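# Structural overview
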Amino acid sequence: GRRALVAGVADDNGFGFAIAKALAAAGASVCVATWPPALNIFLNLIERGKIDDSRRLADGSLMTFERIYPLDATFDTLADAPEEIRTNKRYAERGDFSIEGLATQLVADFGEKPLDIVVHSLANGPEVKKPLLEVSRHGYLAAVSASAYSMVSMVQRLGPLLRPGGSFSSLTYMASERVIPGYGGGMSSAKAALESDTRTLAFEAGRKFGARVNVISAGPYASRAASAIGI
Ligand code: ZID
């Protein structure tokens, strides 16, 4: 069977959950990766049965996640995380939550070539409510780091874990190409980078790993992230 990793699932409201469910319905084993600050809440929702209705598949069974990994995609290695993050309660209890840590754990759990499908369904822009004219350098770079470089780093580190014919996908928004007021904080810039990088990564990772790399430009969906900016 195929195994998928969906990065960016912390509740049953977002694209990541819906994609995970579609993959499970199609017969894949699904692992997810969750931002450490949201992980406890997510595990509680599952444990208490609060998202059982959302987990129900057409055949009546409940979708299960093979693994739920901690992931902060702004860190490539654990050493990249600053002291105050590494010692933060939500992070400290989780082991290696970096992208490299995720790759290492996947190999430890399933062997050298554990994956067929990787979905990047995460983004973060701390100043998303500010128009570009008011965005700080820090906010802009944070948006690009979490929302675009995270994909580059995931392809670098998870590419070697893909079986032949494997694929990467991510999600973008049209504000990369057109002016859409309200999608600020450098998020439009981050999505433009993500889309451009997808072309270059498809070229490079196709040759290096035999992997496909695609990005889907999504329509509006009232996820937690989108609700924060009034979508
Ligand atoms: P979501 O909140 O379900 O998923 C985002 C996830 O990212 C959350 O689980 C966060 O915990 C996680 N996350 C944040 N920072 C980090 C980090 N550093 N490391 C690891 N995880 C982290 O929201 P979602 O489903 O909206 O987002 C999934 C993807 O879809 C993101 O790439 C979005 O940018 C993208 N997307 C969403 C929408 C939308 O409407 N929900 C649109 C386009 C793309 C969109 O904004 N008209 C208006 C707006 C839009 C489309 C059309």
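As the structure is a computational prediction, the values presented were derived from the model and not from experiment.

## Describing the environment of Ala-81
Relative to the helices and strands, Ala-81 is located in the loop between strand E3 (68–70) and helix H4 (83–86). Assessed through its relative accessible area of 1%, Ala-81 is described here as buried. Taking the C-alpha atoms as reference, Ala-81 lies 9.3 Å from Phe-97; in sequence the two are 16 residues apart. Discounting residues that sit within four places of it in the chain, Ala-81 has contacts with Phe-75, Arg-86 and Phe-97.

## Description of the environment of Leu-132
Note on placement: Leu-132 falls in the loop between strand E4 (115–120) and helix H7 (137–158). Between the C-alpha atoms of Leu-132 and Leu-71, which are 61 residues apart in sequence, the distance is 28 Å. Apart from residues no more than four positions distant in its own chain, Leu-132 is found in contact with Tyr-140, Gly-186 and Ser-189.

## Brief notes about the pairing of strand E5 (residues 162–172)
The buried fraction of E5 is high, at 8 of 11 residues. Where E4 and E5 come together, 5 bridges link them in parallel fashion. Following the sheet pairing, Leu-115 is matched in E5 by Leu-162. One crossover worth recording links E4 to the parallel E5 by way of H7, and it is right-handed.

## Re the site of the ligand
In the vicinity of the ligand lie 27 residues, with Phe-15, Ala-73, Lys-191, Tyr-221 and Ser-223 positioned nearest. Side-chain polar atom of Trp-35 to a nitrogen atom of the ligand: 3.5 Å apart, as the coordinates give it. For the ligand, an oxygen atom lies 2.6 Å from a polar atom in the side chain of Ser-223. With the chains in place, 91% of the 940 Å² that the ligand exposes on its own is no longer accessible. Residue assignment for the shell around the ligand shows that the elements contributing at least two residues are E5 and helix H9 (224–227). Sorting elements by how many residues they give to the shell around the ligand places H9 first, with 3 residues. In terms of residue class, the shell around the ligand is made up of 16 nonpolar, 8 polar and 3 charged.

## Brief notes about the sheet that holds E4
Spatially, 6 strands are ordered E3-E2-E1-E4-E5-E6 in an open sheet, and the strand pairing comes out parallel. At either margin of the open sheet sits one strand with a lone partner, and together these are E3 and strand E6 (212–217). Taken over all neighbouring pairs, the strand axes of this sheet differ in orientation by 20° on average, direction set aside. Where strand E2 (residues 29–34) lies against E3, 3 bridges are found, and the strand directions are parallel. Paired with Val-32 across the bridge in E3 is Ile-68. Set on the sheet, helix H2 (residues 36–47) makes contact with E2 and E3; between it and E3 the angle comes to about 160°.

## Focus: helix H8 (residues 187–209)
With 23 residues, H8 should reach 33 Å at 1.5 Å per residue; the first-to-last C-alpha distance of 29 Å falls well below that figure. Within H8, the axis deviates most sharply at Leu-201, by approximately 30°. Three or more residues of H8 are buried, namely Met-187, Ser-188, Ser-189, Ala-190, Lys-191, Leu-194, Glu-195, Thr-198, Leu-201, Ala-205 and Phe-209. As for H8, its buried residues are in contact with H7, E5 and E6.

## Section: the layout of surface pockets
With a probe scaled to a water molecule rolled over the atoms, the places where space remains empty come into view. Estimated volume of the second largest pocket: approximately 200 Å³. Forming the boundary of the second largest pocket are 14 residues, of which Leu-132, Ile-180, Pro-181, Tyr-183 and Gly-184 lie nearest the centre. Its residues placed into classes, the lining of the second largest pocket shows 8 nonpolar, 3 polar and 3 charged.

## Digging into the pattern of salt bridges
By the definition in use, this model includes 7 salt bridges. The closest approach of N and O atoms between Glu-66 and Arg-3, which form a salt bridge, is 2.7 Å. Here Glu-66, found in the loop between helix H3 (52–55) and E3, pairs with Arg-3, found in strand E1 (residues 3–7); they are 63 residues apart in sequence, far enough to count as distant. A relative accessible area of 30% means that Glu-66 is categorised as partly exposed. The class of Arg-3 is buried, set by a relative accessible area of 11%.

Reading the values: rules and limits
Residues numbered from 1 in each chain as written. Predicted model: local features only at pLDDT ≥ 70, side-chain atom pairs only at ≥ 80, totals over all residues. Heavy atoms only, no water. Helix = DSSP H or I, 4+ residues; strand = E, 2+ residues; numbered from the N terminus. Buried < 20%, exposed > 50% of the residue type's maximum accessible area, 1.4 Å probe, protein only. Contact = heavy atoms within 4.5 Å. Pairing = 2+ DSSP bridges. Right-handed = clockwise from strand over helix to strand, strands pointing away. Near = heavy atom within 4 Å. Polar contact = N/O pair within 3.5 Å; in protein donor to acceptor, adjacent residues only side chain to side chain. Areas by Shrake-Rupley, 256 points an atom, 1.4 Å probe, with all protein chains shown as cover. Nonpolar A, V, L, I, M, F, W, Y, C, P; charged D, E, K, R; others polar. Axes fitted to C-alpha atoms, helices over the stretch in contact; angles between N-to-C directions. Expected span 1.5 Å × (residues − 1). Bend = angle between axes of the 7 residues up to and from the residue. 1 Å grid on protein atoms, 1.4 Å probe; cavity = no way out; pocket = protein on both sides within 12 Å on 5 of 7 lines; lining within 4 Å. Points joined across faces, edges and corners; volume = space filled by probe spheres on them. Salt bridge = Lys/Arg side-chain N within 4 Å of Asp/Glu carboxyl O.

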